[in-house]
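Residues per chain, in single letters:
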Amino acid sequence: MRSSTVRRRLHHGDVGDRRNENFETSGLDGLDEPLLGNHGYDDKHSEREMTDEIWDDERKKEQLHWSLLFSNLIVQWAQWIANLFFGSGSFIARFLPLHSNTQKGSNQKLIVPTLSPLQEARLRNLQQRLGIPFDGSRLDHQDALKQLWRLAYPDRELPSLKSELWKDMGWQGPDPSTDFRGGGFISLENLIFFAKKYPESFQRLLHKQDGNRADWEYPFAVAGINISFMLIQMLDLQSGKPSSMAGIQFLKLLGEDEMAFDNLYCVAFQMMDAQWLVKRASYMEFNDVLKSTRTQLERELSLEDISSVKDLPAYNLLRR
């Protein structure tokens, strides 16, 4: 299924109770009016022309939305790189709510724990991964992209690296390498890890199989890149040693699991989709859903007795 393909809405008899804000993935409906089709026209030619106009208009809106989203992501990524190499603290202060709360009068300061040699080594390795941009000219990066396709579509022929078929996975255009500018190579590694470690959840999200979906769904692959970057911000990985509440808690998880970031990514992706369904969102509301996903994930990380990603309540949403 193409994530940009218009889906016909399910019947209103399938609508559940919207007041429930828990992670329910069924009994939800889409918007009130379908985007396509007007059965009151007898002239089929006129109807087809009107449908094509609506289709083109909606596709332009979608392309504009995701272009703006990626432009913002690229700017933020560039700021992160600048902070990494030049030590500027402005990027952290701008994006972390913890710091803004401190500026508003809270005298409470977080104590960054002393890291064990193992934690330091794993954090250093993770931050090295973050600094690798996706390079479409590198054979190993091309091979990784091909691997993702084979994991996503094991029964389909592998397309060329520039093909309209890549849009089926939720890339913006026929060349997926252009979409990695904002997320780096680690965002591709995250998608591959998700597909290998939790194949059932990966396939269900890729094909939008849970719940009643919106007419215009979020592009799967592009959403994955945004989730990677959201986690980098939330965990304060752009600084030498994380000092946010979520970042400090993540250091504990990293001590227990070298792949804690990748596992947390899978939880966040599944959580985002659950939030998407609860909010009955459409693609224009993706940013709001991503923000609420971050808030919920921060809450779960702050719970007591969380020593591994598997201890998070949302981990139970994943299916192997």
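Reading the values: the criteria
- Residues numbered from 1 in each chain as written.
- Predicted model: local features only at pLDDT ≥ 70, side-chain atom pairs only at ≥ 80, totals over all residues.
- Heavy atoms only, no water.
- Phe/Tyr/Trp six-rings, centres within 6.5 Å; stacked < 30°, edge-to-face > 60°.
- Helix = DSSP H or I, 4+ residues; strand = E, 2+ residues; numbered from the N terminus.
- Buried < 20%, exposed > 50% of the residue type's maximum accessible area, 1.4 Å probe, protein only.
- Axes fitted to C-alpha atoms, helices over the stretch in contact; angles between N-to-C directions.
- Contact = heavy atoms within 4.5 Å.
- Nonpolar A, V, L, I, M, F, W, Y, C, P; charged D, E, K, R; others polar.
- Core = buried A, V, L, I, M, F, W, Y, C linked by side-chain atoms within 4.5 Å.
- Expected span 1.5 Å × (residues − 1).

## Examining the packing of aromatic side chains
- Scanning the entire structure with this criterion turns up 16 aromatic pairs.
- Seen from their ring centres, Phe134 and Phe180 are 4.3 Å apart, and the 25° between their planes marks the pair as stacked. One end of the pair, Phe134, is in the loop between α4 (117-130) and α5 (139-152); the other, Phe180, is in the loop between α5 and α6 (185-197), and 46 residues separate them in sequence.
- On the basis of an interplanar angle of 50° and a centroid distance of 4.5 Å, the ring pair of Trp149 and Tyr153 is categorised as tilted. Just as Trp149 is buried, Tyr153 falls in that class too.

## Brief notes about unusual backbone geometry
- Positive phi, normally seen in glycine, also occurs at Asp236, with a value near 60°.
- Turning to its location among the elements, Asp236 is positioned in the loop between α8 (220-234) and α9 (245-256).
- With a relative accessible area of 0%, Asp236 lands in the buried category.
- The phi dihedral of Asp305 falls on the positive side, at around 60°, and the residue is not glycine.
- Among the structural elements, Asp305 can be located in the segment after α11 (286-301).

## Describing the packing of α9 against helix α10 (residues 260-279)
- In contact at an axis separation of 9 Å, α9 and α10 are set at 115° when each is read in the N-to-C sense. Two secondary-structure elements touch here, α9 through Phe250, Leu253 and Leu254 and α10 through Ala260, Phe261 and Leu264.
- A per-class count over the contact of α9 with α10 returns 6 nonpolar, no polar and no charged.

## A few points about the nonpolar core
- Residues Met169, Trp171 and Phe269 are the most contacted members of the largest nonpolar core, which totals 67 residues.
- For this core, the leading source of residues is α10, giving 11 residues.
- Residues within four places of Met169 in sequence aside, it is in contact with Leu148, Trp149, Ala152, Tyr153, Leu206, Phe220 and Ala221.

## A look at α9
- An ideal rise of 1.5 Å per residue puts 16 Å on 12 residues; α9 measures up with 18 Å between its terminal C-alpha atoms.
- Listed as buried for α9 are Ala246, Gly247, Ile248, Gln249, Phe250, Leu251, Leu253 and Leu254.

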